[in-house]
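Listed below, chain by chain, are the residues.
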Amino acid sequence: QVRLEESGGGLVQPGGSLRLSCAASGSIFSINAMAWYRQAPGKQRELVAIIISGATPHYTDSVKGRFTISRDNAKNTVYLQMNSLKPEDTAVYYCNQELRTGWGTPLSHYWGQGTQVTVSS
(Lines give C-alpha, C1' and ligand atoms only; values in the text may rest on other atoms or scores of the structure.)
Protein backbone atom coordinates (compact mmCIF):
# COMPACT_ATOMS: atom_id res chain seq x y z
CA GLN A 1 0.00 0.00 0.00
CA VAL A 2 1.21 3.46 -0.92
CA ARG A 3 -0.20 6.68 0.40
CA LEU A 4 0.46 10.26 -0.77
CA GLU A 5 -0.29 13.03 1.70
CA GLU A 6 -0.44 16.62 0.52
CA SER A 7 -0.29 19.82 2.53
CA GLY A 8 0.20 23.54 2.09
CA GLY A 9 -2.86 24.74 0.22
CA GLY A 10 -4.98 27.68 1.28
CA LEU A 11 -6.21 31.17 0.51
CA VAL A 12 -3.70 33.77 -0.64
CA GLN A 13 -3.92 37.23 -2.17
CA PRO A 14 -2.73 37.87 -5.72
CA GLY A 15 1.02 38.23 -5.80
CA GLY A 16 1.43 36.02 -2.75
CA SER A 17 3.19 32.70 -2.30
CA LEU A 18 2.38 29.18 -1.16
CA ARG A 19 4.43 26.01 -0.84
CA LEU A 20 2.83 22.64 -1.42
CA SER A 21 4.28 19.39 -0.11
CA CYS A 22 3.50 15.79 -0.96
CA ALA A 23 5.01 12.92 1.01
CA ALA A 24 4.74 9.29 -0.07
CA SER A 25 4.66 6.50 2.48
CA GLY A 26 4.21 2.75 2.51
CA SER A 27 5.79 0.07 0.37
CA ILE A 28 8.13 2.11 -1.83
CA PHE A 29 11.18 0.70 -3.61
CA SER A 30 12.03 3.61 -5.88
CA ILE A 31 10.40 6.74 -7.26
CA ASN A 32 10.86 7.82 -10.85
CA ALA A 33 8.72 10.85 -11.59
CA MET A 34 7.07 13.28 -9.23
CA ALA A 35 4.54 15.77 -10.52
CA TRP A 36 1.89 18.31 -9.67
CA TYR A 37 -1.40 18.61 -11.55
CA ARG A 38 -4.27 21.01 -11.03
CA GLN A 39 -7.93 21.12 -11.88
CA ALA A 40 -9.98 24.29 -11.90
CA PRO A 41 -13.80 24.20 -11.80
CA GLY A 42 -15.22 23.20 -15.17
CA LYS A 43 -11.79 22.44 -16.62
CA GLN A 44 -9.75 19.34 -17.27
CA ARG A 45 -6.91 18.34 -15.01
CA GLU A 46 -3.63 19.70 -16.34
CA LEU A 47 0.03 19.01 -15.66
CA VAL A 48 1.65 21.92 -13.82
CA ALA A 49 5.19 20.65 -13.25
CA ILE A 50 7.11 17.39 -13.31
CA ILE A 51 10.52 16.35 -12.05
CA ILE A 52 12.13 13.08 -13.11
CA SER A 53 15.29 11.63 -11.61
CA GLY A 54 18.30 12.99 -13.45
CA ALA A 55 16.32 15.26 -15.75
CA THR A 56 15.50 18.95 -15.96
CA PRO A 57 12.11 19.83 -14.48
CA HIS A 58 9.33 20.68 -16.89
CA TYR A 59 6.67 23.36 -16.37
CA THR A 60 3.52 24.30 -18.17
CA ASP A 61 3.97 27.66 -19.88
CA SER A 62 1.58 29.57 -17.62
CA VAL A 63 3.68 28.95 -14.49
CA LYS A 64 7.22 29.23 -15.89
CA GLY A 65 9.30 31.67 -13.87
CA ARG A 66 6.80 31.66 -10.99
CA PHE A 67 6.63 28.04 -9.79
CA THR A 68 9.50 25.76 -8.79
CA ILE A 69 9.23 22.00 -8.34
CA SER A 70 11.78 20.16 -6.20
CA ARG A 71 12.15 16.77 -4.56
CA ASP A 72 13.75 15.25 -1.48
CA ASN A 73 14.42 11.62 -2.33
CA ALA A 74 15.35 10.73 1.24
CA LYS A 75 11.89 11.81 2.38
CA ASN A 76 9.97 10.63 -0.72
CA THR A 77 8.63 14.15 -0.90
CA VAL A 78 7.95 16.57 -3.72
CA TYR A 79 7.43 20.30 -3.27
CA LEU A 80 5.87 23.04 -5.35
CA GLN A 81 6.93 26.58 -4.49
CA MET A 82 4.39 28.97 -5.99
CA ASN A 83 5.25 32.66 -6.19
CA SER A 84 3.52 35.64 -7.79
CA LEU A 85 0.22 33.80 -7.63
CA LYS A 86 -2.62 34.89 -9.87
CA PRO A 87 -6.39 34.34 -9.60
CA GLU A 88 -6.16 31.99 -12.58
CA ASP A 89 -3.95 29.70 -10.49
CA THR A 90 -6.98 28.89 -8.34
CA ALA A 91 -7.59 25.14 -8.50
CA VAL A 92 -7.34 21.87 -6.63
CA TYR A 93 -3.71 20.76 -6.84
CA TYR A 94 -2.94 17.05 -7.00
CA CYS A 95 0.35 15.29 -6.41
CA ASN A 96 1.29 12.32 -8.59
CA GLN A 97 4.22 9.98 -8.07
CA GLU A 98 5.37 7.24 -10.43
CA LEU A 99 7.08 4.52 -8.43
CA ARG A 100 7.93 0.86 -7.91
CA THR A 101 6.81 -1.01 -4.82
CA GLY A 102 9.49 -3.69 -5.16
CA TRP A 103 12.41 -4.99 -7.20
CA GLY A 104 11.24 -5.78 -10.74
CA THR A 105 7.71 -4.49 -10.25
CA PRO A 106 6.23 -2.20 -12.90
CA LEU A 107 6.05 1.54 -12.51
CA SER A 108 2.66 2.61 -11.17
CA HIS A 109 1.09 6.01 -10.63
CA TYR A 110 -0.30 7.14 -7.31
CA TRP A 111 -2.35 10.25 -6.56
CA GLY A 112 -2.77 12.46 -3.54
CA GLN A 113 -6.19 13.54 -2.32
CA GLY A 114 -5.81 17.09 -3.60
CA THR A 115 -5.36 20.41 -1.86
CA GLN A 116 -7.29 23.59 -2.62
CA VAL A 117 -5.39 26.70 -3.65
CA THR A 118 -7.46 29.88 -3.88
CA VAL A 119 -5.96 33.16 -5.08
CA SER A 120 -8.29 36.04 -4.33
CA SER A 121 -8.30 39.50 -2.82
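Residues numbered from 1 in each chain as written. Predicted model: local features only at pLDDT ≥ 70, side-chain atom pairs only at ≥ 80, totals over all residues. Heavy atoms only, no water.

## A few points about the environment of Arg100
Part 1: Positionally, Arg100 belongs in strand β9 (residues 91-100).
Part 2: Linking Arg100 and Ile28, residues 72 residues apart in sequence, is a C-alpha distance of 6.2 Å.
Part 3: Excluding its chain neighbours within four sequence positions, the residues that come into contact with Arg100 are Ser27, Ile28, Phe29, Ser30, Thr105, Pro106 and Leu107. (Helix = DSSP H or I, 4+ residues; strand = E, 2+ residues; numbered from the N terminus. Contact = heavy atoms within 4.5 Å.)

## Some details on the pattern of salt bridges
Part 1: Scanning the model with the defined rule gives 5 salt bridges in all.
Part 2: Among the ionic pairs, Glu5 bridges to Arg3, the shortest N-O distance being 3.8 Å.
Part 3: According to the relative accessible area criterion, Glu5 is partly exposed, its value standing at 45%.
Part 4: The class of Arg3 is exposed, set by a relative accessible area of 54%.
Part 5: Here Glu46 ties to Arg38 by a salt bridge, and the two come within 2.7 Å at their closest N and O atoms.
Part 6: On the accessibility criterion, Glu46 (31% relative accessible area) is partly exposed.
Part 7: A network of salt bridges, in which partner residues are shared, links Arg38, Glu46, Arg66 and Asp89. (Salt bridge = Lys/Arg side-chain N within 4 Å of Asp/Glu carboxyl O. Buried < 20%, exposed > 50% of the residue type's maximum accessible area, 1.4 Å probe, protein only.)

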